[in-house]
Structures are given as structure tokens and as C-alpha cells.
Amino acid sequence: MIKRRDFIINSGLALGALAIAPSLAFTSKQKNIGIQLYTLRAAFSNDVKGVLEHVAKSGYKEVETYGYSSDKGFFGTSAKDFKKILADNGLKAPSGHYDFNSFIKDNNADFLKASIECANQLGSEYITVPYLDEKLRSDLDGFKRIAQKVNEAAVLCKQSGLKLAYHNHDFEFKKFGNQTGYDILLQETDKKLVDFELDIYWAVRSGNDPLQMFKANPGRFTMWHVKDMDKSKAEWNTEIGEGSINFKTIFTEAKLSGMQHFFVEQETNYSPNPADSIKTSFEYVSKHLL
């Protein structure tokens, strides 16, 4: 039997460890490191199976998809076959980036419905808005319409057992008077239906502090893009841990953020071999952030 004194001492040590490394509270629930497949776009469009095998061998357990086409699937691979390749490699796809421009611009729900069907075939949790054409976001009224359409899409997603999330770049943080487009999206989308996938790189590059964003809107950032900024060229990405973003501090506030999934990504002006770099990023995340 464990003595009461030993129990108190051991409990105190455990609480002390959490105080030193708050991210441990998050680690106990979230052990899966994800990757946005756009990182491997040069190879992915030519060898779907080979890329997914490499992702799994590099240690990742989750992926975020991109590039789905209703007639070609994922670069010639149907959603059904794509799901099988994922399963064969021990991978899951909790989120996918699907085009929303036609739904917002023309109220064309056909592709959205096809995307919902695809996401359900993959067993995903989220359909995520990845990017918006410039003409749709030229002023605050444009962002208000976007928020309205995102709410509508979120209802359709919910009816099919899915959630909807919005992924940012830097243009959402452009000022229109005293407000930004991102302010509008946060204020005018339904908190019960619409989550946000915070691209940490783009948030930091546009002058925002993710920690302050979490405090202002706790629980809304249920997914992250973990993407580092080159120390000498802010417009470049680099491996996680090699750049200027303090991910250790950001990860300690994962609970406040509401984060459930995160995806490593390398996107802009990136010169090293992504196939090797995703291993470097995985090692840093697994050893230093979780």
C-alpha cells in the first residue's frame, strides 16, 4: 500500500513537473504529429503511395490533405483508394483543405458537397477553408460575406457529421480602418460551428502574437499549422526549431488555444529537400515540444 506521505510527495513532484513544462498536460492527450501534405507537393502529385509511405516512415501519424478534385480525386487516386493507402501506413486524415472560392463567389455548393462526401470517406473530422481569391477579400464587406458563407457551409458540414475550420495566411490581418478581416471572421462566424486553424508562421509574420490571440479567443484555434520562419529571411520557411518562432512557449498554451491537431508544414521559398526536412522537423517536435 502506498503511504499517504509518499503519495503527497509524489503528487507534488508531478505537479511541479507540470508547472515547469505545462505542455505535458497536453501531451497526455495528443501524441500524434501531423503534416500538411502540401509540404511534399513536388513529389506528391507524381507518387501518392510513395509519399504517404515516406510520411509514415518519418514518424507522422496524421496528415492534412490538399488538392482534391471531384473528377481526379487526389492526383488520380480516388478517395477510397487514398483512404486505403493511409490505413496501410497507419495514417489518419483528421482534416483536409478543400476549395471554397466557388461556394463563396457563386453560391455553388456542388464542390462543397463533393468535399463533404470525400471527407467522410476518409474518416476526417474537419473540412478546412485553405485560401480565398483576392477579389473576394478586398474590403470589410467582402470579409462579412465570407463569414456569412462560412457559417452556411458549417451548417452543411454539421449535418454530415463534420466540423468546419478556417485557415489563415497574412492577408486576413490587413487593416481596414480599425478592423482586420480576421477580426470579422472571428466575430461574425458561429463559435459553435466554426473553428480556426491558426497558421502560426503567417500570424507571426503579419505582426501578431499567437499567445495574445489565444487569450482573446480561447478555445477557437482547434488546429495549428506549425511552420517556422527563417532567421535571416522572414519570407522563407525552415525546419521546425531552426527558425525564429518560439514554439516552446506557444505549445505551453495549447490547452488555452483549444488545439486538438497540428500539422507541420513548409510552404514558402523553401530550398532544402522537403523529404529530408520533414524528418528534421519531426525529431524537433517530438523531442522538444511534446
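Refer to the structure presented above.
Thresholds applied
- Residues numbered from 1 in each chain as written.
- Predicted model: local features only at pLDDT ≥ 70, side-chain atom pairs only at ≥ 80, totals over all residues.
- Heavy atoms only, no water.
- Axes fitted to C-alpha atoms, helices over the stretch in contact; angles between N-to-C directions.
- Helix = DSSP H or I, 4+ residues; strand = E, 2+ residues; numbered from the N terminus.
- Left-handed = near helix turned anticlockwise from the far one by under 90°.
- Contact = heavy atoms within 4.5 Å.
- Nonpolar A, V, L, I, M, F, W, Y, C, P; charged D, E, K, R; others polar.
- Phe/Tyr/Trp six-rings, centres within 6.5 Å; stacked < 30°, edge-to-face > 60°.
- Buried < 20%, exposed > 50% of the residue type's maximum accessible area, 1.4 Å probe, protein only.
- Lys NZ or Arg CZ within 6 Å of the ring centre and 35° of its normal.
- Pairing = 2+ DSSP bridges.
- Salt bridge = Lys/Arg side-chain N within 4 Å of Asp/Glu carboxyl O.

### Regarding the packing of helix α8 (residues 140-159) against helix α9 (residues 181-188)
Two elements in contact, α8 and α9, have axes whose closest approach is 9 Å; the angle formed by their N-to-C orientations is 35 degrees. Considering the relative orientation of α8 and α9, their crossing is right-handed. On α9, the residues touching L140, F143, K144, I146, A147 and N151 of α8 are G181, I184, L185 and E188. By residue class, the composition of the contact of α8 with α9 is 6 nonpolar, 2 polar and 2 charged.

### Some words on the packing of aromatic side chains
By the definition in use, this model includes 22 aromatic pairs. The interplanar angle of 40 degrees and the centroid separation of 4.8 Å between the aromatic rings of F173 and Y182 together place this pair among those described as tilted. Y182 shares its class with F173; the two are buried. Ring centres of Y182 and F196 lie 5.5 Å apart, and the angle between their planes is 65 degrees; this geometry places the pair in the edge-to-face category. Of this pair, Y182 sits in helix α9 while F196 sits in strand β10 (residues 194-199), and the two are 14 residues apart along the sequence. The structure contains a cluster of three or more aromatic residues connected by ring pairs, namely Y38, F44, Y66, Y68, F74, F75, F82, Y98 and F111. When the ring centre of F103 is taken as origin, the NZ or CZ atom of K149, which lies over that ring, is 4.7 Å away.

### Examining the sheet that holds β10
Ordered by their spatial adjacency, 8 strands build a closed barrel running β1-β2-β5-β6-β7-β10-β11-β14, and the pairing between neighbours is parallel. Averaged over all pairs of adjacent strands, the angle between strand axes in this sheet comes to 30 degrees, irrespective of strand direction. Strand direction decides the pairing type here: strand β11 (residues 223-226) and strand β14 (residues 261-264), joined by 4 bridges, are parallel. Bridge assignment links V226 to a residue of β14, and that residue is V264.

### With respect to unusual backbone geometry
Positive phi, close to 55 degrees, is recorded for F75, a residue that is not glycine. One non-glycine residue, N107, lies in positive phi territory at about 60 degrees. The exposure class assigned to N107 is partly exposed, which follows from its relative accessible area of 47%.

### Examining the pattern of salt bridges
Going through the model one piece at a time under the given rule, you end up with 6 salt bridges. Between E265 and K227 there is a salt bridge; the shortest N-O distance is 3.0 Å. With E265 in the loop between β14 and α14 (274-289) and K227 in the loop between β11 and β12 (228-229), this residue pair connects regions lying 38 residues apart in the sequence. In terms of burial, E265 and K227 fall into one category: buried. For E267, the salt bridge goes to K227, with nearest N and O atoms at 2.4 Å. Here E267, found in the loop between β14 and α14, pairs with K227, found in the loop between β11 and β12; they are 40 residues apart in sequence, far enough to count as distant. For the pair E267 and K227, one class covers both residues: buried.

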